[in-house]
Amino acid sequence: DAGITQSPRHKVTETGTPVTLRCHQTENHRYMYWYRQDPGHGLRLIHYSYGVKDTDKGEVSDGYSVSRSKTEDFLLTLESATSSQTSVYFCAVGRGGLSTDTQYFGPGTRLTVL
Amino acid sequence: TQLLEQSPQFLSIQEGENLTVYCNSSSVFSSLQWYRQEPGEGPVLLVTVVTGGEVKKLKRLTFQFGDARKDSSLHITAAQPGDTGLYLCAGARSGNTPLVFGKGTRLSVIA
């Protein structure tokens, strides 16, 4: 257990509204990731962070932004939510290098955009 | 184009049967990982393989990394209902690139 919490766990919002999802960790992991999981697509990386204020884009970053002002918190923002962003969002954390590092996943946030 | 293809997509078997699921690619990976995900939860790492031809065992689960580091398999012996879940493979093309995940194999073991 890497002490990962995600909030909110469920959210229903309307198209065009801004949404922020929060990932909080208690184990001081350097790397943090945001994924989305959709039927037929599996897990896809949205953005990741390798330190405070250090972030990079993943495979499906369009329409999303992230911020990491503290080691323990990684925020994912949908500036103007669209129905295509309805998904389950997972945060993950890891200690070291990207390729062989164990990633510990949070419980997920189910987002519905109407 | 999916970088990692997993097969089968769905598998339903009786308790006690053996099974193998596959993770294939046309690309070479520096390492591959297998995760298991249960409904309503995040994935949990089962194993990481890094050397071509490597075989790792975790109780009744046997993981193999292909000699050319393009594919991997997961074999479960005498499956139990507790093995039910979504099995995901994930690979890294090089040491400092993010993981890419396959779409997963959804396994159901019926008692």
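Residues numbered from 1 in each chain as written. Chains lettered and ligands numbered in written order. Predicted model: local features only at pLDDT ≥ 70, side-chain atom pairs only at ≥ 80, totals over all residues. Heavy atoms only, no water.

Caption draft 1: Main features of the nonpolar core. Residues Leu19(B), Trp34(B), Phe63(B), Leu74(B), Ile76(B) and Leu107(B) are the most contacted members of the largest nonpolar core, which totals 21 residues. Taken together, the elements giving at least two residues each to this core come down to strand E3 (19–24), strand E4 (31–37), strand E5 (44–49), strand E7 (61–65), strand E8 (71–76), strand E9 (85–92) and strand E11 (105–110) of chain B. Residue contacts for Leu74(B): discarding those within four places in its chain leaves Leu19(B), Thr20(B), Val21(B), Trp34(B), Leu61(B), Thr62(B), Phe63(B) and Tyr87(B). Among the nonpolar cores identified, the runner-up in size contains 19 residues, and Ile4(A), Val19(A), Leu21(A) and Ala81(A) belong to it. (Core = buried A, V, L, I, M, F, W, Y, C linked by side-chain atoms within 4.5 Å. Buried < 20%, exposed > 50% of the residue type's maximum accessible area, 1.4 Å probe, protein only. Helix = DSSP H or I, 4+ residues; strand = E, 2+ residues; numbered from the N terminus. Contact = heavy atoms within 4.5 Å.)

Caption draft 2: Summary view of the state of the cysteines. Under the definition given, this model contains two disulfides over all chains. Paired by a disulfide, Cys23(A) and Cys91(A) hold their sulfur atoms 1.9 Å apart. Every disulfide takes its handedness from the sign of the S-S torsion; for Cys23(A) and Cys91(A) that torsion is -70 degrees, giving left-handed. With Cys23(A) in strand E3 (residues 19–25) and Cys91(A) in strand E9 (residues 87–94), this residue pair connects regions lying 68 residues apart in the sequence. Per residue, the accessibility class of Cys23(A) equals that of Cys91(A), and both read buried. What pairs with Cys23(B) in a disulfide is Cys89(B), and their sulfur atoms sit 2.0 Å apart. Across the disulfide from Cys23(B) to Cys89(B), rotation about the S-S bond amounts to roughly 75 degrees, and the bridge is consequently right-handed. Within this pair, whereas Cys23(B) is found in strand E3, its partner Cys89(B) is found in strand E9, the two being separated by 66 residues in sequence. For Cys23(B), a relative accessible area of 0% puts it in the buried group. (Disulfide = S-S within 2.5 Å.)

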